[in-house]
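Summary of structural features
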Amino acid sequence: MTYTYKPVGVCSQQIVIDVNDDETINNVQFTGGCHGNLQGIAALVKGKTLDEVISALKGIDCRMRGTSCPDQLAKALEQIKEEF
């Protein structure tokens, strides 16, 4: 299933996440933000479970904003988990 998340407090404007029925990530696409870094994050999380990615990325801070693109991805995945 594909989910769209609107990040808050970061440079990226949208995260589109495709999750398999077994709660593994099939694909992540960021719109905006640091393109190379976010492509790297998307590649690294592919095939991982929602719990693995949430655990690894939740709480990462960017420039004292209290959040970051990886943290926003973790928040999006938490919302997706609630729907499972």
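Residues numbered from 1 in each chain as written. Predicted model: local features only at pLDDT ≥ 70, side-chain atom pairs only at ≥ 80, totals over all residues. Heavy atoms only, no water.

The next thing to look at is the nonpolar core. Within the largest apolar cluster, 23 residues are counted, with the highest numbers of intra-cluster contacts made by Ile17, Val28, Phe30, Val45, Leu73 and Leu77. Sorting the residues of this core by element identifies strand S1 (2–5), strand S2 (12–19), strand S3 (25–32), helix H1 (35–45), helix H2 (50–57) and helix H3 (69–83) as the ones contributing at least two each. When residues in this core are grouped by element, the largest group, six residues, is from H3. (Core = buried A, V, L, I, M, F, W, Y, C linked by side-chain atoms within 4.5 Å. Buried < 20%, exposed > 50% of the residue type's maximum accessible area, 1.4 Å probe, protein only. Helix = DSSP H or I, 4+ residues; strand = E, 2+ residues; numbered from the N terminus.)

Attention now moves to the environment of Pro7. Inspection of the secondary structure assignment puts Pro7 in the loop between S1 and S2. On the basis of relative accessible area, Pro7 is assigned to the buried category, the value being 8%. Taking C-alpha positions, Pro7 is 16 Å from Arg63, a pair spaced 56 residues apart along the chain. Excluding residues that lie within four positions of it along the chain, Pro7 makes contacts with Ser12, Gln13, Gln14, Ile15 and Gln72. (Contact = heavy atoms within 4.5 Å.)

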